[in-house]
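# A closer look at the structure
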Amino acid sequence: MEFSFGTKRWVQKELKDKGEEVEVKQETNETDGYALGLHAPGFFDKVLHVQKCFLQSEPADKVLAVVQETWMDPAIGLTPYDVHKHVGFLKHLMIRTGRNISTGTPEVMVNFVTSCYKPDVLMPLVDKITKIPEVVSVINNVNSSVGNSSVGEQEYTLYGKPNITEMLRGLAFQISANSFFQTNTKQADVLYKLIEDSAGLKGDGSEIVLDLFCGTGTIGLTFARRAKHIYGYEVVPEAIEDARKNAKLNGINNATFVQGDLNKINESFGKEFPKPDIIISDPNRPGMHMKLIKWLLEVKAPRIVYVSCNPATCARDLDYLCHGVEEKDLRGFYELKSVIPVDMFPHTPHIECVCLLELR
Ligand SMILES: C[S@@+](CC[C@H](N)C(=O)[O-])C[C@H]1O[C@@H](n2cnc3c(N)ncnc32)[C@H](O)[C@@H]1O
């Protein structure tokens, strides 16, 4: 889970009983209180204070509780970052839970995103958190920009190791603070099984798989034993480093991971690997850039499995691949065979979809 520190606490008006009906009041009460929690819908500066979060693991909740009872203590001198005045120190708190690959016990990584590097100020908090036995890694990402990003320009390990591990579909994965990793491991197992089923690999080791937006290499690596070669592309250098380590960790030698921005591909893209039989594309919420759509419509792989957490950009990109893009003079060549929704984010309105496209 990723929580934000803020200077404006957002308070939701209580639910109001009206006989059998329950009415939720939409107005908000704003106080000037500091807060650590989740952004109120539609507000970049208002934060709903969260004491306990049922979406995360129990050890992660213990971390949140310790941080909440400590960080506002004036004796420590920690301040939340003010997104209007651009002053203050604490920006985000990220808590990730994985598993020790030998013992299967939970491993927690705590990542403080701060506006500058002041480890002495963080240490009283770090000392308390590290009393929780599951905490094996405390990281400090320093992000001095005025934006809301949780990715740091510099990363420091304040305690323990720089990464944690997780098991998915029988493979071990190393995850570092800035690498994308599916937040719901149980459902990620379901998701990856559906992706593999949709990809329909023959399993005879003859096919080339291109894993676009590969993160730490998870999807491609789960296919590797049934494919000839996997090529993964991803923009975050730490994720590519993790993907290479993950291939080694699992004894996989037929996977190549390349760091690159898929929004900025040029004519040379695709020259460094054979024509793919299966393309997996798992972009983040903005979906695929027109340059990538164009390339996909040129290369004409027999199957594309498009994985998306944003139904709006998913529908747009599927439409482009099936029906083309008139204003760009591009013809569509695919037929949509199936769309399978997966509930990766229970108790939220978000949904992930696995879509299978076949060349017409
Ligand atoms: C939804 S995640 C999927 C990651 C991976 N497939 C998985 O299942 O763990 C999207 C990934 O796309 C990467 N990404 C975002 N924009 C990108 C771009 N322009 N070029 C390449 N990768 C990008 C992100 O860093 C992230 O790792």
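Residues numbered from 1 in each chain as written. Predicted model: local features only at pLDDT ≥ 70, side-chain atom pairs only at ≥ 80, totals over all residues. Heavy atoms only, no water.

Looking at an unreviewed UniProt entry, one finds the chain named RNA methyltransferase family protein and attributed to Zea mays.

## As for the overall build of the chain
Within the chain one finds 7 helices and 20 strands. Over its C-alpha trace the chain gives a radius of gyration of 22 Å, about what one expects of a compact globule, namely 21 Å for 360 residues. For the chain, the spread of C-alpha atoms along the three principal axes comes to 65 × 50 × 40 Å. Looking at the chain as a whole, 51% of its 360 residues qualify as buried. In the chain, once contacts between residues fewer than 6 apart in sequence are set aside, the share between residues at least 24 apart is 64%. Split by element, the accessible area of the chain, about 17,300 Å² in all, is 53% carbon and sulfur. If you average the places of the 40 positive and of the 47 negative side-chain charges in the chain, the two averages end up 3 Å apart. (Helix = DSSP H or I, 4+ residues; strand = E, 2+ residues; numbered from the N terminus. Rg over C-alpha atoms; globule rule 2.2 N^0.38 Å. Buried < 20%, exposed > 50% of the residue type's maximum accessible area, 1.4 Å probe, protein only. Contact = heavy atoms within 4.5 Å. Areas by Shrake-Rupley, 256 points an atom, 1.4 Å probe, with all protein chains shown as cover. Lys, Arg positive; Asp, Glu negative; His and termini not counted. Charge placed at Lys NZ, Arg CZ, Asp CG, Glu CD.)

## A short note on the packing of helix α1 (residues 58-70) against helix α2 (residues 119-129)
One way to put it is that α1 packs onto α2 with a least axis distance of 10 Å and a crossing angle of 145 degrees. The interaxial crossing formed by α1 with α2 has right-handed handedness. Side by side, α1 and α2 meet where Val-63, Val-66, Val-67 and Thr-70 of the first sit next to Leu-125, Lys-128 and Ile-129 of the second. Grouping the constituent residues of the contact of α1 with α2 by class yields 5 nonpolar, 1 polar and 1 charged. (Axes fitted to C-alpha atoms, helices over the stretch in contact; angles between N-to-C directions. Left-handed = near helix turned anticlockwise from the far one by under 90°. Nonpolar A, V, L, I, M, F, W, Y, C, P; charged D, E, K, R; others polar.)

## Let's talk about helix α5 (residues 237-249)
Along an α-helix, a turn takes 3.6 residues, which lines up residues three or four apart on a common side. The terminal C-alpha atoms of α5, which comprises 13 residues, lie 18 Å apart, in line with the 18 Å expected from a rise of 1.5 Å per residue. All buried positions along α5 are accounted for by Ala-239, Ile-240, Asp-242, Ala-243, Asn-246 and Ala-247. An end-on view of α5 places all buried positions within 160 degrees of arc, on one side of the element. Against β13 (171-176), α4 (218-223), β15 (229-234) and β16 (255-259) lie the buried residues of α5. Looking one or two residues beyond α5, the residue adopting positive phi is Gly-251, at roughly 65 degrees. (Expected span 1.5 Å × (residues − 1). Arc of directions from axis to C-beta.)

## Considerations on the environment of Cys-314
Take Cys-314: it is sitting in helix α7 (residues 311-323). The buried category is assigned to Cys-314, whose relative accessible area is 4%. Between the C-alpha atoms of Cys-314 and Glu-352, which are 38 residues apart in sequence, the distance is 9.8 Å. In this view, Cys-314 contacts Tyr-306, Ser-308 and Cys-355; residues no more than four positions away in its chain are not counted.

## Description of the nonpolar core
Residues Ile-195, Phe-223 and Ile-280 are the most contacted members of the largest nonpolar core, which totals 38 residues. Looking at which element gives the most residues to this core, the answer is helix α3 (residues 185-199), with 6 residues. Leu-212, Ile-279, Leu-292 and Leu-296 belong to the second largest nonpolar core, which has 33 residues in total. (Core = buried A, V, L, I, M, F, W, Y, C linked by side-chain atoms within 4.5 Å.)

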